[in-house]
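In case you want the letters, here they are:
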Amino acid sequence: MVAVVLLTLGLSACERLGNGIEARREIAFSVLSSDDARTQALWAPVVADLQKQTGLKVKIVPSANYDAQVLTFQTKKAQAGWFTNLTGAEVLGRGHGAVFAEAEGVSAYQSLIIVPAASKLKAEDLLKCNRKLTLGLGERRAAASGQAPLYYFFQPNRINMKTCFKAVTTATADENIDGVISGKLNAAAVDTDILQALQKSAPARFARVKVIWASEALPEDVLIYRDDLDPVTREKLRSFFLSYGRSPGAEGDRQRNILKALELEGFAPEDDDHFIPIRLMKASVELMQAERAENKALIARAKERLEKARADKRAADAATAPQAPADARPAS
């Protein structure tokens, strides 16, 4: 997963174009990152090109956390953004925006469970329910480390997290890795990006953990803009990101080198169907937790969300199913 980027668009300096349309002229470009200086440096060339191509005035503004990102959209302080899975799904679920692009050229994004390198634990040992093991999960809005292990690994095996483990904790990826290395945790959930970053930045620490389980590939992050963003600015953003890094010659090489530093090859068109797998996962986990708590109201709400996600998946599958030729005859 690439550095998470939020395009926070300023509320002032609009240009009247007639027919009641006001196009924006200034954009605040906010970056969600634990290392603001490094992330801003990586994205500064993209921002400079965005200004040059669109004529928009762009300012980089760091975003501290996922909650702030959702709140920024909710309060209309942002009109576009680069969102992770659960955060983006939440923004769409509240009716604040639409997906218009996703990353290209990224490696498979997966949920992982790690243990100390010297540990003899295997994935199936986590399913024994002997209350002897400690497990670290990711934060609530971390799809890969927080939700995916429950959905893809523990839920299919009907594991009750409260009764099967000695303790189940929730923490950041760094804290979970520290817990595994120090021996405070027998196992912990992380994701491929976190582990790859650890391998590059701290190879000695990376050598002290090993992976015992990996999920199937998860949807990557996407760009979203607000529904009420003017169509002119929407098209400027869409055209810029979808064309970036695709030019031939020296200019294209320059842009591709900028994207390479971000571990990207470019951006591809995408729509709201991107989040259907995440919505299915989230609703399924919520239903499992509500049923364990025997909370009828939460059970009803989770079932409603799960059925809506399933219906949307059926509709999406039907829309993309291969069509037979118009004059095809059924097999006799």
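Just so you know, these numbers come straight off a predicted model, no measurement behind them.

### Here we look at the overall build of the protein chain
Point 1. A tally of helices and strands in the protein chain yields 12 helices and 14 strands.
Point 2. When burial is assessed residue by residue, the protein chain has 46% of its 332 residues classed as buried.
Point 3. The long-range share in the protein chain, meaning contacts at least 24 apart out of those at least 6 apart in sequence, stands at 75%.

### Description of the nonpolar core
Point 1. Of all hydrophobic cores here, the largest spans 28 residues; its most connected members are Val-46, Phe-100, Leu-223, Leu-237, Phe-241 and Phe-267.
Point 2. Listing elements by their share of this core, those giving two or more residues are α1 (36–54), β5 (57–60), β6 (80–83), β7 (97–104), β13 (222–226), α9 (231–243) and α10 (249–261).
Point 3. Examining the composition of this core, we find that five residues originate from one element, α1, more than from any other.
Point 4. Of all hydrophobic cores here, the second largest spans 21 residues; its members include Leu-150, Ile-159, Met-161 and Cys-164.

### Comments concerning the pattern of salt bridges
Point 1. This structure, assessed with the given rule, holds 17 salt bridges.
Point 2. Of the charged contacts, one joins Arg-254 and Asp-49 as a salt bridge, the two residues approaching to 3.0 Å between their closest N and O atoms. On the criterion of sequence distance, the pair formed by Arg-254 in helix α10 and Asp-49 in helix α1 is long-range, its members being 205 residues apart.
Point 3. For Glu-263, the salt bridge identified is with Lys-200, shortest N-O distance 2.6 Å. Placement of Glu-263 in the loop between α10 and β14 (266–269) and of Lys-200 in helix α7 (residues 192–201) is noted, with a sequence separation of 63 residues between them.
Point 4. Connected via shared salt-bridge partners are Asp-49, Glu-251 and Arg-254.

### Comments concerning the environment of Lys-77
Point 1. Tracing the backbone through its elements, the reader meets Lys-77 in the loop between α2 (66–74) and β6.
Point 2. By relative accessible area, Lys-77 is classed as exposed at 54%.
Point 3. Separated by 49 residues in sequence, Lys-77 and Ala-28 have C-alpha atoms that sit 9.6 Å apart.

### As for unusual backbone geometry
Note on backbone geometry: most residues besides glycine have negative phi, and most peptide bonds are trans.
Point 1. Not every positive phi belongs to a glycine, and Arg-131 is a case in point at roughly 55 degrees.
Point 2. As for its placement among the helices and strands, Arg-131 is situated in the loop between β8 (111–116) and β9 (134–137).
Point 3. The phi dihedral of Arg-158 falls on the positive side, at around 55 degrees, and the residue is not glycine.
Point 4. Position of Arg-158 relative to the elements: it lies in the loop between α4 (143–154) and α5 (161–164).
Point 5. In this structure Arg-158 comes out as exposed when scored by relative accessible area, which is 73%.

### Section: the sheet that holds β13
Point 1. Ordered by their spatial adjacency, four strands build an open sheet running β6-β13-β7-β14, and the pairing between neighbours is antiparallel. One side of each edge strand has no neighbouring strand; the edge strands of this open sheet are β6 and β14. Strand-to-strand, the axes of this sheet are offset by a mean angle of 30 degrees, without reference to chain direction.
Point 2. When β7 meets β14, the two strands line up antiparallel, connected through four bridges. Bridge pairing in β14 links Glu-102 to Ala-268.
Point 3. Strand contacts of α9: β6, β7, β13 and β14, with the helix running at about 15 degrees to β7, the strand carrying the most contacts.

### What to know about the state of the cysteines
Point 1. For the structure on display, the rule yields one disulfide.
Point 2. Two residues share a disulfide in this structure: Cys-129 and Cys-164, whose sulfurs sit 1.8 Å from each other. Negative torsions about the S-S bond denote left-handed disulfides, and the value of about 65 degrees found for Cys-129 with Cys-164 makes this one right-handed. Placement of Cys-129 in the loop between β8 and β9 and of Cys-164 in helix α5 is noted, with a sequence separation of 35 residues between them.
Point 3. Taking the relative accessible area as the measure of exposure, Cys-129 reaches 33% and is therefore partly exposed.

### Observations regarding the packing of α4 against helix α11 (residues 276–293)
Point 1. Packing of α4 against α11 leaves a shortest axis separation of 9 Å and a crossing angle of 65 degrees. Taken together, the axes of α4 and α11 lie roughly perpendicular to each other. Where α4 crosses over α11, the two elements pack in a sense that is left-handed. Every residue of α11 that contacts α4 at Ala-143, Gln-147, Ala-148, Leu-150, Tyr-151 and Tyr-152 is listed here: Leu-280, Met-281, Lys-282, Ser-284, Val-285, Met-288 and Gln-289.
Point 2. Split by residue class, the contact of α4 with α11 holds nine nonpolar, three polar and one charged.

About the thresholds
Residues numbered from 1 in each chain as written. Predicted model: local features only at pLDDT ≥ 70, side-chain atom pairs only at ≥ 80, totals over all residues. Heavy atoms only, no water. Helix = DSSP H or I, 4+ residues; strand = E, 2+ residues; numbered from the N terminus. Buried < 20%, exposed > 50% of the residue type's maximum accessible area, 1.4 Å probe, protein only. Contact = heavy atoms within 4.5 Å. Core = buried A, V, L, I, M, F, W, Y, C linked by side-chain atoms within 4.5 Å. Salt bridge = Lys/Arg side-chain N within 4 Å of Asp/Glu carboxyl O. Pairing = 2+ DSSP bridges. Axes fitted to C-alpha atoms, helices over the stretch in contact; angles between N-to-C directions. Disulfide = S-S within 2.5 Å. Parallel < 35°, antiparallel > 145°, perpendicular 65-115°, else oblique. Left-handed = near helix turned anticlockwise from the far one by under 90°. Nonpolar A, V, L, I, M, F, W, Y, C, P; charged D, E, K, R; others polar.

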